[in-house]
Amino acid sequence: MAATKTHDRIQKLIELIGNGLYEKDEAVRLGLLTAFAGESMFMLGAPGCAKSMVTRRIKEAFAAEGDEKVKYFETLLNQFTTPEEVFGNISLKALNGELPETNGKEEYRRLTEGMLPEADIAFLDEIWKASPAILNTLLTIINERKFHNGSKVMNVPLKGLFAASNELPAKNKGLEALYDRFIFRILVDFIHDEDDFFEMISQPAADDFALSEDDKKLLVTGKELKEWAKEIDKVTLSEVSKNVITAIRKEMVLQSKKMTEEDKKNGEEFEVGDRRWKKIAHILKTSAFLNDRDEVDLMDCSLIENCIWGTEKQQKLAREIVEKCLKENGISCDSAIEDIEEQIEDFKAKIDDEWFDIIIEPETYKIVKIDNQDCYECTRNGTKEIWYVTVERGIRNGYSSYHDVYDSNKSYNTYSSFSRNGDNISCNWNFTVNKNPAKSYRKKKNLSEIAHYTLQNSFTDENYTPIFNAINEEINSLKEQKERDEIPFKANLFADQSYNESITSKIYDSIKALQDSQIELDKQKNRYFDSELEPELAIGDVILDDGNIYSAAEIEKLSEEQKEKVIGVVCIADENDYVIGKKQYSCRWTKIRECCSEYSKFLPEKYKKNWLVPKIELLSKIWENRDAINKSLKAVNADLLEEREYWSYSENEDKSAAKYFLFTKDGHEDHTTKDHDYAVRLIREWRNF
């Protein structure tokens, strides 16, 4: 069915019919849908809102059949309008028995040519002012498309009947049955946009609407309508559309129950009968078919808003009801929000554990100031009264051991000798000292800038970034789903596009929840992260294999496990900063590059490049800073050395890496060997990271 591209054709037709009808998009869309479905529509609006012009334009959407033009009937009804003005004058020949088919018998028959019974499209203005005789006849025409003309029953070719009024039908006047036949009920208003308004009044007075020959190819024929009707009957209600209809029916009952007795008396309760629901389903199926679908979807269901209200109060509620039910039954999505929320809770716990110390403060006595004296807040034994006793000797007496006593109002009461045993005080009366309860709280660990800087970066990479990426991937995935699922909804020719947000609200809610999680994640990150830190390496800073760096002062505080992870210490801190490798190796000098490559495999990604073995010039600089290096680089008695060679990389050398380097500094000969914790191995320039 999609191959017919009916959608594209009807879309162009809607654009053509609506051209020059400012702010009447809804009336045109729903009017065409009404005519294609063979139904009826009521337009509520003040005179002069272009209701009749909309109907005349809708007539232009249909092609003439052979020599027969599309027949259009329009009239303004009032209480004095006679049936003849709508259905045709009485045939005098039939009344006199002069028609051949009556065989000389007299018959009451109307001349229907050019009148409503022979119209393809009809517009009845101020319909509620018509007489009962006209209204009763309309019932049969609208519901059955039949007109009883004397003894003859005529098939009425009516494709769409459009009625209008500036008021709703009066209560208890027998208009309910006819009003129920109008499946669509819409509001038509004046032009609000100023630009549209001035364009409208600048147009010629007459509606000189005309279609080009190419445009006429889009017009719908009567034959096509019959073929469409068969296909429309094959369209099915999807399960989700059934769920929406069920939800709307239940919500209407619920809203009706909430109404006051006065509202119920005034007929404000929702009453949509089975016959009307069948017509509504037909409208939804027609919408689906004309949008090249064989199943009713959620956007089609939004049309129900214009089918269930009958009063102004119901009209306002109808939107709320349909929107609510579309949200509840809208597109669902599989969001990882629960898993992400759990990850954020774990992230929070890790921050507590790694960045904060738990401080426990014991109970303390409650001390308050009275008369500029520190006083114990006490409970007087045997009562619930709060009293106060000075901590030190009182100012009210001359005795060194006497303390002042204040009553519950903090007014001076007496002074007396003082003694305390634990929480108990004796001072004229016996008291129990009140206490501030013990409390525990987390306090941020005191780290050097370099330790804080590197720890926060590695902690962020390991704990924050994966959650951050997961949230953004999930949000992008949901946005893609929203855009993908909205494609058929945005293409819907007849529905109000503002319902898109309602239908996709579950996706939007999931995106919003993820965005809130991102805010919470960043809030937790801000507990430890200091974006203003830009520390520089200093001599003695130690680097661990996880990339974290600690200052020389913090080395002793490291755990044994952390000390085992030390891979280097900063020895140069002037123009360039260098890290010295810790571990020894044994290999030929010509294999040094391979050694560097192997060594880097065990390091974090950002520390893997630019490692090398120092040459003599660089080693000299390192040893010039010998005293500032961590004290694990100890001097060794030079008398034990048999060789005085330096440790350096050269393509031409083929010697063991266990070389010695002899220096003289302040009368000492120093060297590095594999028996030292921090023997020189590989270095890299820090600024090349």
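Caption draft 1: Spatial organisation of the overall build of the chain. For the chain, the count of helices and strands is 22 helices and 30 strands. A burial count over the chain gives 46% of its 689 residues as buried. When the accessible surface of the chain is summed, it comes to about 36,800 Å², and 46% of that surface belongs to carbon and sulfur atoms.

Caption draft 2: Representation of the packing of helix 17 (residues 449-490) against helix 19 (residues 505-525) within the structure. With their axes 10 Å apart at the nearest point, helix 17 and helix 19 run at an angle of 165° to one another. With respect to their mutual orientation, helix 17 and helix 19 come out roughly antiparallel. For the crossing formed where helix 17 meets helix 19, the hand is left-handed. The residue makeup of the contact of helix 17 with helix 19, split by class, is 10 nonpolar, 7 polar and 6 charged.

Caption draft 3: Seen up close, the packing of aromatic side chains. All told, the structure shown has 23 aromatic pairs when counted by the stated rule. Pairwise contacts between aromatic rings join F347, W355, F459, Y464, F468, Y528 and F529 into one cluster. Between the NZ or CZ atom of K159 and the centre of the ring of F62, over which it lies, the distance is 5.7 Å. Over the face of the ring belonging to Y179 we find R185, whose NZ or CZ atom lies 3.8 Å from the ring centre.

Caption draft 4: Structural detail: the pairing of strand 21 (residues 429-433). Across 3 bridges, the pairing between strand 15 (residues 373-380) and strand 21 is antiparallel. Bridge pairing in strand 21 links C378 to V433.

Caption draft 5: Summary view of the confidence of the model for the chain. With 81% of its residues at a pLDDT of at least 70, the chain reaches an overall mean of 84. Mean pLDDT per element in the chain: strand 28 (residues 663-665) is the minimum at 41, and strand 1 (residues 40-44) is the maximum at 97. Residue range residues 626-676 is modelled with pLDDT below 50. Its contacts to residues more than four positions away, or to other chains, number 113 contacts.

Caption draft 6: Quick peek at a negative patch on the surface. Taken together, E23, D25, D189, D193, E194, D195 and E199 make up a surface patch of like negative charges. Of the residues forming the negative patch, the biggest block, 3 residues, is contributed by helix 8 (residues 194-202). On the secondary structure map, D189 appears in the loop between strand 9 (184-187) and helix 8. Under the relative-accessibility criterion, D189 is labelled partly exposed at 42%.

Caption draft 7: The arrangement of the environment of N446 in detail. With respect to the helices and strands, the residue N446 is situated in the loop between strand 23 (439-444) and helix 17. N446 gets classed as exposed once you look at its relative accessible area, which sits at 72%. Each C-alpha atom, one on N446 and one on W355, is 9.0 Å from the other, the two residues being 91 residues apart in sequence.

Caption draft 8: Expanded view of the sheet that holds strand 5 (residues 121-125). Spatial strand order, 2-5-8-1-9: 5 strands in an open sheet with parallel pairing. Of all the strands in the sheet, the pair left with one neighbour each is strand 2 (72-76) and strand 9. Geometrically, the sheet is characterised by an average inter-axis angle of 15° between neighbouring strands, direction not taken into account. With 5 bridges joining them, strand 2 and strand 5 adopt parallel strand pairing. Counted as the bridge partner of L76 is D125 from strand 5.

Caption draft 9: Region of interest: helix 19. Between its first and last C-alpha atoms helix 19 spans 30 Å; for 21 residues at 1.5 Å apiece the expected length is 30 Å, and the two agree. For helix 19, the full list of buried residues reads S505, I507, S510, I511, L514, S517, Q518, L521, Q524 and K525. Where the residues of helix 19 are buried, they touch helix 15 (312-328), helix 16 (337-355), helix 17 and helix 18 (500-503).

Caption draft 10: Quick peek at the environment of S426. Relative to the helices and strands, S426 is located in strand 20 (residues 424-427). A C-alpha to C-alpha distance of 9.6 Å links S426 and V389, two positions 37 residues apart in sequence. Filtering out sequence-adjacent residues up to four positions away, S426 remains in contact with S417, F418 and S419. Polar contacts involving the side chain of S426 include one to the side chain of N430, which spans 3.5 Å.

Caption draft 11: Here's a closer look at the environment of I543. Within the fold, I543 resides in strand 24 (residues 542-544). Sequence separation between I543 and V570 is 27 residues, and the spatial gap between their C-alpha atoms is 8.0 Å.

Caption draft 12: Examining the pattern of salt bridges more closely. In total, this model carries 34 salt bridges according to the counting rule given. When the shortest N-O distance is used, the salt bridge between K71 and E118 registers 3.6 Å. Here E118 lies in the loop between strand 4 (110-111) and strand 5 and K71 lies in the loop between helix 3 (51-59) and strand 2, a separation of 47 residues in the sequence. On the accessibility criterion, K71 (33% relative accessible area) is partly exposed. One network of salt bridges, in which partners are shared, links K482, E486, K490 and E501.

Caption draft 13: Expanded view of the side chain of S165. Here S165 shows up in strand 8 (residues 160-165). Since its relative accessible area comes to 1%, S165 is described here as buried. Residues in contact with S165, not counting those within four places in the same chain, are F42, M43, L44, G45, D125, E126 and W128.

Caption draft 14: Seen up close, the nonpolar core. Residues F36, F62, L116, I127, I248 and I308 are the most contacted members of the largest nonpolar core, which totals 134 residues. It is helix 17 that contributes the most residues to this core, 9 residues altogether. Excluding anything up to four places from it in sequence, L116 contacts F73, V86, F87, A122, L138, I141, V156, L158 and L161. Grouped together as the second largest cluster of nonpolar side chains are 9 residues, V389, V405, I425 and C427 included.

Caption draft 15: Spotlight on a nonpolar patch on the surface. A cluster of nonpolar side chains, F197, F198, M200 and I201, forms an exposed patch at the surface whose accessible area comes to about 340 Å². Within the secondary structure layout, I201 lies in helix 8.

Caption draft 16: Up close: unusual backbone geometry. For R145, which is not glycine, the phi dihedral falls at a positive 55°. If you trace the backbone, R145 turns up in the loop between helix 6 (132-144) and strand 6 (146-149). A positive phi angle, near 65°, is found at K410, a position not held by glycine. Looking at the element boundaries, K410 is found in the loop between strand 17 (402-406) and strand 18 (412-417).

About the thresholds
Residues numbered from 1 in each chain as written. Predicted model: local features only at pLDDT ≥ 70, side-chain atom pairs only at ≥ 80, totals over all residues. Heavy atoms only, no water. Helix = DSSP H or I, 4+ residues; strand = E, 2+ residues; numbered from the N terminus. Buried < 20%, exposed > 50% of the residue type's maximum accessible area, 1.4 Å probe, protein only. Areas by Shrake-Rupley, 256 points an atom, 1.4 Å probe, with all protein chains shown as cover. Axes fitted to C-alpha atoms, helices over the stretch in contact; angles between N-to-C directions. Parallel < 35°, antiparallel > 145°, perpendicular 65-115°, else oblique. Left-handed = near helix turned anticlockwise from the far one by under 90°. Nonpolar A, V, L, I, M, F, W, Y, C, P; charged D, E, K, R; others polar. Phe/Tyr/Trp six-rings, centres within 6.5 Å; stacked < 30°, edge-to-face > 60°. Lys NZ or Arg CZ within 6 Å of the ring centre and 35° of its normal. Pairing = 2+ DSSP bridges. pLDDT = per-residue confidence, 0-100. Contact = heavy atoms within 4.5 Å. Patch = residues over 30% accessible without salt bridge, like charges linked within 9 Å, V, L, I, M, F, W, Y side chains within 5 Å. Salt bridge = Lys/Arg side-chain N within 4 Å of Asp/Glu carboxyl O. Lys, Arg positive; Asp, Glu negative; His and termini not counted. Charge placed at Lys NZ, Arg CZ, Asp CG, Glu CD. Expected span 1.5 Å × (residues − 1). Polar contact = N/O pair within 3.5 Å; in protein donor to acceptor, adjacent residues only side chain to side chain. Core = buried A, V, L, I, M, F, W, Y, C linked by side-chain atoms within 4.5 Å.

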